[in-house]
Amino acid sequence: MLRPVAIHCLLSTLLCMWVLCNAQSPSGPPVIQLRLAGEKRKHYEGRVEVFYNGEWGTVCDDDFSITAAQVVCRELGFMNAESWSPSAKYGSGEGKKTSMDFIRSVCWFPGFHLNLLLSNQNQNHGLTVQVEDVRLRATYSQRKRIPITEGFLEVKYGGKWRQICNEEWTEKNSRVICGMYGFPGEKRFNARPYKLLASRRKKNFWGFSVNCTGNEADLSDCKIGREIKRKGNSTCEQGMPVVVSCVPGRAFAPSVSAGYRKAYRLEQPLVRLRGGAMIGEGRVEVLKNGEWGTVCDDNWNIRAATVVCRELGFGSAKEALTGARLGQGIGPVHMNEVECSGFEKSLTECYFNRDAGCSHEEDAAVRCNIPAMGFNKRLRLNGGRNPYEGRVEVLAEKNGSMVWGTVCSDSWGTMEAMVVCRQLGLGFASHAFQETWYWQGDGSTDAVVMSGVRCSGTELTMDQCLHHGKHILCPKGGGRFAAGVSCTQTAPDLVLSAQAVEQTTYLEDRPMYALQCAHEEHCLSSSADKADPSSYRRLLRFSSQIHNNGQSDFRPRAAHHSWIWHECHRHYHSMEVFTHYDLLTLNGTKVAEGHKASFCLEDTHCDEGIQKRYECANFGAQGITVGCWDTYRHDIDCQWIDITDLKPGDYIFQVVINPNYEVAESDYTNNIMRCRSRYDGQRIWTYNCYIELEHNRQPS
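Parameters and conventions
Residues numbered from 1 in each chain as written. Predicted model: local features only at pLDDT ≥ 70, side-chain atom pairs only at ≥ 80, totals over all residues. Heavy atoms only, no water. Helix = DSSP H or I, 4+ residues; strand = E, 2+ residues; numbered from the N terminus. Buried < 20%, exposed > 50% of the residue type's maximum accessible area, 1.4 Å probe, protein only. Contact = heavy atoms within 4.5 Å. Areas by Shrake-Rupley, 256 points an atom, 1.4 Å probe, with all protein chains shown as cover. Pairing = 2+ DSSP bridges. Core = buried A, V, L, I, M, F, W, Y, C linked by side-chain atoms within 4.5 Å. Disulfide = S-S within 2.5 Å. Axes fitted to C-alpha atoms, helices over the stretch in contact; angles between N-to-C directions. Salt bridge = Lys/Arg side-chain N within 4 Å of Asp/Glu carboxyl O. Polar contact = N/O pair within 3.5 Å; in protein donor to acceptor, adjacent residues only side chain to side chain. pLDDT = per-residue confidence, 0-100. Phe/Tyr/Trp six-rings, centres within 6.5 Å; stacked < 30°, edge-to-face > 60°. Lys NZ or Arg CZ within 6 Å of the ring centre and 35° of its normal.

Participant: Please set out the overall build of the chain residue by residue, giving values where relevant.
Facilitator: Check the secondary structure of the chain and you find nine helices and 40 strands. Looking at the chain as a whole, 53% of its 700 residues are labelled buried. The long-range share in the chain, meaning contacts at least 24 apart out of those at least 6 apart in sequence, stands at 70%. Here the chain displays about 33400 Å² of accessible surface, and carbon together with sulfur accounts for 48% of that area.

Below, the structure is given as structure tokens:
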């Protein structure tokens, strides 16, 4: 699918113009001009357009990369590229689409800077490696291993794959290559079989050595070394082709039986990623004094991002993201103005300013290189209106051969859909479907080949979820009842304000005759069913303030027409269960409970500069806009826990948002709030409220 490229540049205080193609002979390639266009908010972002042959056109995103985006931004006078988007984020544009093949031929690939400047042998110093492609070519015995961690290093230059002579090759060079391929580090290897293979193979060496410092994120950041003089076919007289061997991260390590003895292990992590759709991406959070917090994006760069990626068992960083691009965190901002050499074992070893002075609007994030695992070859979506939706089909073994089939939709939900979208590289789940008759694909794939799927939501592939194995059990069968999904690049992220709960908690004794509607909506404990109308219920009341810190609006899954009308309160419920309210003993046993249906999801307040979009009045659209919050005041029905039967003692007060995962979110780990509560039979104290995974400890 051809889509225009959108990029986001970093401003530079020195607006130096880097021209891609201004050095040419009269018979050379034509000059091209660039601009950022489209429906954009800032002057340093937009759709990339190229002026060629007298008209403006867009650039196809096939083979586009952050490296290409950096060149574009620098030509336009900016310091660097912050990110790029393979979609029509700023509009689809008009005119012809320019392919990267054309850009390569005119500008830098297969080595514009090399072709232009290497004509003078004295100008090699300071130039970076610019080749068309890089690959690890595994030996025949290792090609079936996934991921491929070892092999001959080859670069594509001038349309041909070439080896690199290992005479001046260093471990630091190998470290950079491993990082590019999604591995945290390099390791030693047995050179004997490679020498034997090299002696039998035809040699075609690249003409230069490579000088990496070891902290580069990509081979293109390394410097070109000396030119290796060619002597017939013996370019590398004293050596052999470069071989690189890498250590896989824990998430990607093959089993020991496959021939791997150990992999990179992460013990007691001090850094984690949150809010990312794919493995190896997310908002950076660090653990300090038992509390998770974020990193401010001041001075945040690819070198610091690479330290994070390697620390977590991934490769080098593809992107260092700023401005809370992957959602806002909660809690303190632990680090600011981070400066890393690139060789630190952990981000916590880098220099940083402890006096953050930052808001969560400046939370830093990363996207890391990960190994090519081939996950998307065993799963597909079929029949959808676009590549982001369809019936889920799995490649499975049946009667000795591999066939495509469907997945049973019994108990199919958001968590299972999340894994499908992640495995296919399509982002987050938007919806999970238990009927897909409107997405009928090839009838030959209707048979169910996978059933009983249960996912936690963190798995990398469907195979890692619990399922029935070879014994399929699906009473409804496949066909119209096959599982389906729709995926999206962004998702909301709801977070409850622990402070608001702690500051508004109190007790109220209310007569049963005033609780008729609440009783009908099951907001009281079971003992109320037999209670005298003149008796009183003791209610633990509080306000809840629910923020949307994600990247897209939180909307009820159910459409208007399917909302449930409640006659007593005379309002609609767009989600039958929006929150759970519980009192637990200190060992976790539930002793009192309540629940809140979403009779009204709306923007009560918003951050400065953000417009309210949702209002419940007049049967309006319900939801919570990004950067806004919905407040359920303590004085409305069902905003309580019925503690009439509770004995005095110490308890844990717990609130869970979106408990049934009815609506997809980018991060469910921050949906639980807990407080300590002490009840003496007449009064209640609520203290030490926190979001559960904000800490590594129970409330004290």
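Participant: Go over the sheet that holds strand β35 (residues 605–606) with me, naming the residues and quoting the values.
Facilitator: With respect to topology, four strands assemble into an open sheet ordered β27-β30-β36-β35, the strand pairing being antiparallel. Each edge of the open sheet is held by one strand with a lone partner, namely β27 (494–496) and β35. In terms of strand pairing, strand β30 (residues 544–548) meets strand β36 (residues 628–632) through four bridges, oriented antiparallel. Opposite His-547, over in β36, you have Trp-629 as the bridge partner.

Participant: So what about unusual backbone geometry? Which residues, and what values?
Facilitator: Phi angles above zero are rare outside glycine, and Ser-411 is one such case at about 65 degrees. Within the secondary structure, Ser-411 is located in the loop between β23 (401–407) and α7 (414–423). For Cys-638, which is not glycine, the phi torsion reads 75 degrees and is therefore positive. Tracing the sequence through the fold places Cys-638 in the loop between β36 and β37 (640–642).

Participant: Just give me the short version of the nonpolar core, but keep the residues and values in it.
Facilitator: Residues Phe-554, Phe-578, Leu-583, Ile-641, Ile-643, Phe-653 and Met-673 are the most contacted members of the largest nonpolar core, which totals 32 residues. Those elements that provide at least two residues to this core are β27, α8 (498–504), β33 (575–584), β38 (649–657), β39 (672–679) and β40 (684–691). If we ignore the near neighbours within four places in the chain, the residues touching Leu-583 are Leu-540, Thr-589, Lys-590, Val-591, Ala-592, Ile-641, Ile-643, Leu-646, Tyr-651, Ile-652 and Phe-653. Core analysis: the next-biggest nonpolar cluster, separate from the first, contains 31 residues, Val-394, Leu-426, Cys-465 and Ala-664 among them.

Participant: Before we move on, could you go through the state of the cysteines and cite the residues and values that matter?
Facilitator: Tallying each qualifying case throughout the model produces eleven disulfides. Bridging Cys-340 to Cys-350, the disulfide has an S-S length of 2.1 Å. With the S-S bond torsion at 110 degrees, the cross-link from Cys-340 to Cys-350 turns out right-handed. Of the two residues, Cys-340 sits in the loop between β18 (333–339) and β19 (351–353) while Cys-350 sits in the loop between β18 and β19, which places them ten residues apart along the sequence. Side by side, Cys-340 and Cys-350 carry an identical accessibility label, which is buried. Here Cys-606 pairs with Cys-628 through a disulfide, and the sulfurs are 2.0 Å apart. Given an S-S torsion of about 100 degrees, the disulfide between Cys-606 and Cys-628 has right-handed geometry. Here Cys-606 is found in strand β35, whereas its partner Cys-628 is found in strand β36, with 22 residues between them in sequence. Of the two residues examined, Cys-606 and Cys-628, each falls in the buried class.

Participant: Can you explain the sheet that holds β37? Please cite residues and give values.
Facilitator: Taken in spatial order, the three strands of this open sheet run β28-β29-β37, and their pairing is antiparallel. Among the strands making up the open sheet, the edge pair consists of β28 (506–511) and β37. On average, each strand axis in the sheet is tilted by 35 degrees relative to the strand beside it, whichever way the strands run. Across three bridges, the pairing between strand β29 (residues 536–541) and β37 is antiparallel. Of the residues in β37, the one forming a bridge with Arg-541 is Trp-640.

Participant: Can you tell me about the pattern of salt bridges, naming the residues and giving the values?
Facilitator: Counting across every chain of the model gives 29 salt bridges. A salt bridge links Glu-285 to Arg-283; the shortest N-O distance between them is 3.0 Å. Both residues of the pair, Glu-285 and Arg-283, count as buried. Between Asp-463 and Arg-378 there is a salt bridge, with its nearest N and O atoms 3.5 Å apart. Pair noted here: Asp-463 is in the loop between β25 (448–450) and β26 (484–488) and Arg-378 is in the loop between β20 (365–368) and β21 (379–383), with a separation of 85 residues, a long-range link. Relative accessible area serves as the criterion here: at 29%, Arg-378 is assigned to the partly exposed category. Because the salt bridges share partners, they merge into one network encompassing Arg-272, Arg-283, Glu-285 and Asp-667.

Participant: I'd love a proper account of helix α6 (residues 302–311), names of residues and values included.
Facilitator: Counting buried positions over the ten residues of α6 gives eight, a clear majority of the element. Within the span of α6, buried status applies to Ala-304, Ala-305, Thr-306, Val-307, Val-308, Cys-309, Arg-310 and Glu-311. Between the side-chain oxygen of the N-cap and the backbone nitrogen of Arg-303 there are 3.2 Å, and the N-cap of α6 in question is Asn-301. Gly-313 occupies a position one or two residues after α6 and carries a positive phi of about 90 degrees.

Participant: Lay out the environment of Gly-457 in plain terms, naming residues and giving numbers.
Facilitator: Within the secondary structure layout, Gly-457 lies in the loop between β25 and β26. You can call Gly-457 buried: its relative accessible area is 10%. Sequence spacing of Gly-457 and Met-415 is 42 residues, and the spatial spacing of their C-alpha atoms is 4.7 Å.

Participant: Any details on the confidence of the model for the chain? Residues and values, ideally.
Facilitator: Averaged over all residues, the pLDDT of the chain equals 81, while 82% of them reach at least 70. No element of the chain has a lower mean pLDDT than helix α3 (residues 112–117), which averages 30, and none a higher one than β20, which averages 96. Considering only residues more than four positions removed or in separate chains, one finds that residues 100–123, a stretch of pLDDT under 50, has 56 contacts. Note on residues 694–700: pLDDT under 50 across the span, and 24 contacts to partners over four residues away in sequence or across chains.

Participant: Lay out the side chain of Ser-409 with the relevant residues and their values.
Facilitator: Along the chain, Ser-409 turns up in the loop between β23 and α7. With relative accessibility at 1%, the residue Ser-409 sits in the buried group. At 2.5 Å, the side chain of Ser-409 forms a polar contact with the backbone oxygen of Phe-481.

Participant: Summarise the packing of aromatic side chains; cite the residues concerned and give the values.
Facilitator: Taken as a whole, this structure holds twelve aromatic pairs when the rule is applied. Between Phe-189 and Tyr-194 the ring centres are 5.7 Å apart and the planes differ by 85 degrees, which places this aromatic pair in the edge-to-face class. Exposure remark for Tyr-194: the relative accessible area of 3% places this residue in the buried category. Taken together, the aromatic side chains of Phe-152, Phe-189 and Tyr-194 make up a single cluster linked through ring pairs. Just above the ring of Trp-404 sits the side chain of Arg-380; from NZ or CZ to the centre is 4.1 Å.

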